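Residues per chain are reported as follows:
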Amino acid sequence: MTDSLATLKTFLPGLEDLLEDPEVTEIMINGPYNVWTERAGKGLQPVEAPALNEGALRRAAISIARPLGLDPKTDPALDARLADGSRVAITTPPAAPHVAITIRRFGNRSFSVQDLVENGSLTPAILDAAKDALRNRQNILVSGGTGSGKTTLLNALIELLPEHERIVSIEDTLELRIEQANTVRFEARELGAGSLTIRDLVKHSLRHRPDHIVVGEVRGQEAADLLQALNTGHGGSLTTVHANNARAALSRLASCAMQAGELPWEVVCRSVVDGISLVLHMTRVQGRRYVEECIALRGWNPDDESWNIEPIASRPTAVPPRPKASRAVKRKRPAAKAAAG
């Protein structure tokens, strides 16, 4: 973990304002002078960076890697975490033609479930379904694509867990902001000559007497161990997975568990049914992030290899309509041009 954003500002000339702007969620440096940014989730915009040459990028890569005991020359693809929780991914030659740096900002604010309801990311009906699931010690899977808001929703759902019960969280990089006092947090990182994977930590978490297990994201074999834990007395747990829709999220979770090579497909799918009760699928359209689907998993049909699901609630409209005033301005522009001519 690097000390602060000041480290980056020193070595990324011309980007100081972006690094200080709380509305900037991502800064993408594709190489010398080639910078793009996303502000408040409203799409990518190019940024002028005339002082950001190859030398500056190399110095930035070294300054980020050095506190981690890493060297970009020997490790051309590395991840770092800033003091504020933001993430930095760095790729250097020969893995890329130029130094590439991507900074994902998480800021200092976490959203509650009520915040998500008020800003339209979550409907009251979906919130009630999530509350009921966790109250009955059922497990929730959050799905979505990159940047869809999975981590934000996961963080908000954690606040619904009882204050007096023990949480063990497992993440690739610490991003969640968990307020409950009885929490143990694990991070899968390279540690000297060895390493700890998400799967290692899922297995290890069971020795810490968790009431609830929270896995930041399932990507591989750890899904098998997580499903086993969910089916052996750790109800009210949470995790996320990359998927295009809620139904696909279930198949994705089963496919990840199959990578462990321990059980046949049908057994794994039945384990998913026993382990997951609710799927909340996040999507992002025109910069807006919201829960598009909420489904309850009822069973697995081996005959046609399909999931038996029940839609619980969904968002009535995919994208909130734009203000009428904005559309009126657009209609007037052609007339104004004609008058000017």
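Keep in mind that this is a model prediction, so the values were computed, not measured. (Residues numbered from 1 in each chain as written. Predicted model: local features only at pLDDT ≥ 70, side-chain atom pairs only at ≥ 80, totals over all residues. Heavy atoms only, no water.)

**Student:** I'd love a proper account of the overall build of the chain, names of residues and values included.
**Tutor:** Across its full length, the chain carries eleven helices and 16 strands. Buried positions account for 46% of the 341 residues belonging to the chain. Residue pairs in contact within the chain that sit at least 24 positions apart in sequence constitute 55% of those at least 6 positions apart. A total of about 16,900 Å² of accessible surface is found on the chain, and carbon and sulfur atoms cover 50% of it. (Helix = DSSP H or I, 4+ residues; strand = E, 2+ residues; numbered from the N terminus. Buried < 20%, exposed > 50% of the residue type's maximum accessible area, 1.4 Å probe, protein only. Contact = heavy atoms within 4.5 Å. Areas by Shrake-Rupley, 256 points an atom, 1.4 Å probe, with all protein chains shown as cover.)

**Student:** Please set out the sheet that holds strand β1 (residues 24–31) residue by residue, giving values where relevant.
**Tutor:** An order of β3-β2-β1-β6-β5-β4 is seen for the six strands of this open sheet, with the pairing classed as antiparallel. Strand pairing shows two members of the sheet lacking a second neighbour, β3 (44–47) and β4 (77–81), which therefore form its edges. With direction set aside, neighbouring strand axes in the sheet form an average angle of 20°. Note that β4 and strand β5 (residues 87–91) share five bridges and pair antiparallel. Across the sheet, residue alanine 77 finds its bridge partner in β5, namely threonine 91. (Pairing = 2+ DSSP bridges. Axes fitted to C-alpha atoms, helices over the stretch in contact; angles between N-to-C directions.)

**Student:** I'd like to hear about the packing of helix α7 (residues 198–205) against helix α8 (residues 222–230), residue by residue, with values.
**Tutor:** With their axes 8 Å apart at the nearest point, α7 and α8 run at an angle of 20° to one another. Comparing the axis directions of α7 and α8 gives the class roughly parallel. With respect to the hand of their crossing, α7 and α8 are arranged in left-handed fashion. Two secondary-structure elements touch here, α7 through Ile198, Arg199, Val202 and Lys203 and α8 through Glu222, Asp225 and Leu226. Across the contact of α7 with α8, the residue classes break down as three nonpolar, no polar and four charged. (Parallel < 35°, antiparallel > 145°, perpendicular 65-115°, else oblique. Left-handed = near helix turned anticlockwise from the far one by under 90°. Nonpolar A, V, L, I, M, F, W, Y, C, P; charged D, E, K, R; others polar.)

**Student:** Report on the pattern of salt bridges, specifying residues and quantitative values.
**Tutor:** Within the structure shown, the criterion is met by 17 salt bridges. Arginine 209 serves as the salt-bridge partner of aspartate 211, at 3.4 Å between the closest nitrogen and oxygen. In the salt-bridge network here, residues are joined through shared partners; they are Glu38, Arg284 and Arg289. (Salt bridge = Lys/Arg side-chain N within 4 Å of Asp/Glu carboxyl O.)

**Student:** Before we move on, could you go through the nonpolar core and cite the residues and values that matter?
**Tutor:** Counting 38 residues, the largest nonpolar core has Ile170, Leu250, Val272, Ile276 and Trp307 as its most contacted members. Listing elements by their share of this core, those giving two or more residues are β8 (167–171), β9 (183–187), α7, β12 (212–215), α8, α9 (246–258), α10 (265–275) and β15 (288–301). The element that contributes the greatest number of residues to this core is α9, accounting for seven residues. Sequence-distant contacts of tryptophan 307, that is, excluding residues within four places in its chain, are made with Arg247, Leu250, Ser251, Ala254, Cys269, Val272, Val273, Leu297, Gly299, Trp300 and Asn301. (Core = buried A, V, L, I, M, F, W, Y, C linked by side-chain atoms within 4.5 Å.)

**Student:** An account of the side chain of threonine 240 is requested, with residue identities and associated values reported.
**Tutor:** Assignment of secondary structure puts threonine 240 in strand β13 (residues 238–242). A polar contact is formed between the side chain of threonine 240 and the backbone oxygen of glycine 216, at a distance of 2.6 Å. What threonine 240 contacts, discounting residues up to four positions off in sequence, is Leu141, Val142, Lys150, Leu154, Val215, Gly216, Glu217 and Val218. (Polar contact = N/O pair within 3.5 Å; in protein donor to acceptor, adjacent residues only side chain to side chain.)

**Student:** Residues and numbers for the packing of aromatic side chains, please.
**Tutor:** Applying the stated criterion to the full structure yields two aromatic pairs. A ring pair is formed by tryptophan 265 and tryptophan 300, whose centres lie 6.3 Å apart and whose planes are at 80°; its orientation type is edge-to-face. Here the residue tryptophan 265 occupies a position in helix α10, and tryptophan 300 occupies one in strand β15, the gap between them amounting to 35 residues. You can call tryptophan 300 buried: its relative accessible area is 7%. Three or more aromatic residues link up through ring pairs in this structure, and these residues are Trp265, Trp300 and Trp307. (Phe/Tyr/Trp six-rings, centres within 6.5 Å; stacked < 30°, edge-to-face > 60°.)

**Student:** Outline the pairing of β5, supporting the account with residue identities and numerical values.
**Tutor:** A one-sided burial pattern is seen for β5, the buried positions being Val88 and Ile90 and the unburied ones Arg87, Ala89 and Thr91. Linking two consecutive strands that pair antiparallel, namely β4 and β5, is a turn of five residues; a positive phi of about 95° is found at glycine 85 within it. Bridge count between β5 and strand β6 (residues 100–104): five bridges; the pairing is antiparallel. Bridge pairing in β6 links isoleucine 90 to isoleucine 101.

**Student:** Give a detailed account of unusual backbone geometry, specifying residues and quantitative values.
**Tutor:** A cis amide bond, omega 10°, links proline 93 with the succeeding residue proline 94. Note that proline 94 resides in the loop between β5 and β6. The backbone of arginine 137 sits at a positive phi, close to 55°, despite the residue not being glycine. Along the chain, the position of arginine 137 falls in the loop between α5 (124–135) and β7 (140–144). Arginine 137 gets classed as partly exposed once you look at its relative accessible area, which sits at 36%. Non-glycine residue arginine 209 carries a positive phi angle of around 50°. Residue placement: arginine 209 occurs in the loop between α7 and β12.

**Student:** Lay out the packing of α9 against α10 with the relevant residues and their values.
**Tutor:** Where α9 meets α10, the closest approach of the two axes is 9 Å, and the angle between their N-to-C directions is 125°. With respect to their mutual orientation, α9 and α10 come out oblique. The way α9 lies across α10 gives a crossing that is right-handed. Contact residues: α9 offers Leu250, Ser251, Leu253, Ala254, Ser255, Ala257 and Met258, while α10 offers Trp265, Val268, Cys269 and Val272. Split by residue class, the contact of α9 with α10 holds nine nonpolar, two polar and no charged.

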